[in-house]
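Results of the structural survey
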There are 2 protein chains.
Amino acid sequence: MGFAIELRDQNAEDWDAAVNHPFVDQLLDGSLSDEDLRDYLVQDYQFCDAFTALLGQAVASAPSLPSRLVFARVLGAFASDENTYFQDCFNELDVQEIDRTAPVLGSATRDFDNLMRSALATRSYPEVLAVLLVAEWLYGDWAARAGDPTEWPVHAKHAEWIRLHNNPEYNAWVTWLRDEFDAVEPADAAARERVAATFAEAVRLERTFFDAALAVHVS
Amino acid sequence: MGFAIELRDQNAEDWDAAVNHPFVDQLLDGSLSDEDLRDYLVQDYQFCDAFTALLGQAVASAPSLPSRLVFARVLGAFASDENTYFQDCFNELDVQEIDRTAPVLGSATRDFDNLMRSALATRSYPEVLAVLLVAEWLYGDWAARAGDPTEWPVHAKHAEWIRLHNNPEYNAWVTWLRDEFDAVEPADAAARERVAATFAEAVRLERTFFDAALAVHVS
């Protein structure tokens, strides 16, 4: 069993709760309200800065050119496709400029942003990978629940968010990330423990972030 | 006058010697021998690792998402176009595997690689930009000498190396880099001096690198 699977299993409760979250259920069956989707996307978009920086740090910290080039290609795609989805949805959902650039951040958003910037500051490849891997793998897992594209919801605002995390390139990228993470498992026990703690915190925050997305209008 | 122009003018002798180097003359008129082109490309390819890492560090160190995304797009393009040119030329020029992956490095190559890794290690955005700016701007300047594409040499091994550094996207990227560099000119005198020294060393090494490319077969 690799390091990645070991850590996912250690965090199975939070992982499964996130992957099978009611927010995901509603996204997959197309019943998610525009209000909930808007709040979720407004908060999620605020990760773009730290997430892009983290991918850049992965390019800088990777141990070889082939690995650097994988992140370089992902960065290139991320800079176009994913940003386009956000802008299209923001327009469709009438998101005001202030909520695109500087919304009030929820606590889960702040915590996740801090986790990304902490990993960035370490410049440690395994630490950076831990955060990237959780974010990408967990999203791949919930998007895989969508099954065949013919069963996806009809609106692009739902279907495109699924497609971005459920397509052959994305799946190959997640598999590559997992293999890369396994390959740099720290031999040092303390370093390994730090990476495991980062992984666990990222999983916990993914779950909390989905909780927050549905909780906004309940409170 | 901006910081970039000021530093280029301070290093005009090395800058102009590199831009108007006999190596460039021969590349532009298509008289460059395969032997010299091969030696040059074999050495130049060894920068790909540090240069890619440096672009990644720029993504990580940039002060805003729009700036990060510029480097992200350049990284995406670099990971495909530029690498393709090298592989095509290596095949055409019968470059052996060992010379693609681990050639004997010339002293100019080692020095430039060290400069890039030193800038990378600082994580300082102006330091990282100084090296990137010299590399890209100086190459844009020599490639601009090629004039109209109808006057370019006929062989792809020459013309494609010109095209990669002389096209509207490339020129816009160099202009953006220069503006970005001007915008982060350090207010602190010591920091400004360090950036200026990095810029000067990069220009000196660009000239030395062209010298080395023609000197190999003379010695």
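The preceding data block contains the structure.
Residues numbered from 1 in each chain as written. Chains lettered and ligands numbered in written order. Predicted model: local features only at pLDDT ≥ 70, side-chain atom pairs only at ≥ 80, totals over all residues. Heavy atoms only, no water.

With respect to the packing of aromatic side chains
Residue and element names in this part refer to chain A. Summed over all chains, the structure comprises 50 aromatic pairs over all chains. Relative to Trp 161, the ring of Tyr 40 has its centre 6.3 Å away and its plane inclined at 75°; by these criteria the two rings are edge-to-face. Note that Tyr 40 is positioned in helix 4 (residues 34-45) and Trp 161 in helix 10 (residues 156-163), a separation of 121 residues in sequence. Take Tyr 40 and Trp 161: they sit in the same class, and that class is buried. (Phe/Tyr/Trp six-rings, centres within 6.5 Å; stacked < 30°, edge-to-face > 60°. Helix = DSSP H or I, 4+ residues; strand = E, 2+ residues; numbered from the N terminus. Buried < 20%, exposed > 50% of the residue type's maximum accessible area, 1.4 Å probe, protein only.)

Considerations on the relation of the copies chain B and chain A
With an RMSD of 0.0 Å, chain B superimposes on chain A once it is rotated by 180° and translated 0.0 Å along the axis. A rotation of that kind, with that shift, is consistent with a two-fold axis. Taken as a fraction of all interface residues of chain B, those also at the interface in chain A reach 100%, which identifies the copy contact as same-surface. (Least-squares fit on C-alpha atoms with pLDDT ≥ 70 in both. Contact = heavy atoms within 4.5 Å.)

Structural notes on the pattern of salt bridges
Opposite charge on two side chains makes pairing possible when the charged atoms of those side chains draw close. According to the stated counting rule, one finds 24 salt bridges over all chains in the structure shown. Here Arg 117 of chain A and Asp 113 of chain A are joined by a salt bridge, their closest N and O atoms 2.8 Å apart. Pair noted here: Arg 117 of chain A and Asp 113 of chain A are both in helix 8 (residues 107-122), with a separation of four residues, about one helical turn. When its relative accessible area of 14% is taken as the criterion, Asp 113 of chain A is described as buried. Via salt bridges that share partners, Asp 49, Asp 113 and Arg 117 of chain A together with Arg 68 of chain B belong to a single interconnected network. (Salt bridge = Lys/Arg side-chain N within 4 Å of Asp/Glu carboxyl O.)

A few points about the interface of chain B and chain A
Every contact between the two is made by 23 residues of chain B and, on the other side, 23 residues of chain A. The interface formed by chain B and chain A includes two salt bridges. The partner of Asp 49 of chain A in a salt bridge is Arg 68 of chain B, and the shortest N-O contact between them spans 2.7 Å. At the boundary of chain B with chain A, the tally comes to ten residue pairs in polar contact (both at pLDDT 80 or more). (Polar contact = N/O pair within 3.5 Å; in protein donor to acceptor, adjacent residues only side chain to side chain.)

Regarding the nonpolar core
Trp 142 of chain A together with Trp 142 of chain B are the most contacted members of the largest nonpolar core, which has 164 residues in total. When near neighbours in sequence (up to four residues on either side) are disregarded, Trp 142 of chain A contacts Val 19, Val 24, Leu 27, Leu 28, Trp 161, Ile 162, His 165 and Phe 210 of chain A. (Core = buried A, V, L, I, M, F, W, Y, C linked by side-chain atoms within 4.5 Å.)

Here we look at unusual backbone geometry
All names here are of chain B. Its identity is not glycine, yet Asp 94 carries a phi of approximately 50°, on the positive side. With respect to the element layout, Asp 94 can be found in the loop between helix 6 (65-92) and helix 7 (97-101). Phi is positive for Arg 123, which is not a glycine, with a value near 60°. On the secondary structure map, Arg 123 appears in the loop between helix 8 (107-122) and helix 9 (125-144).

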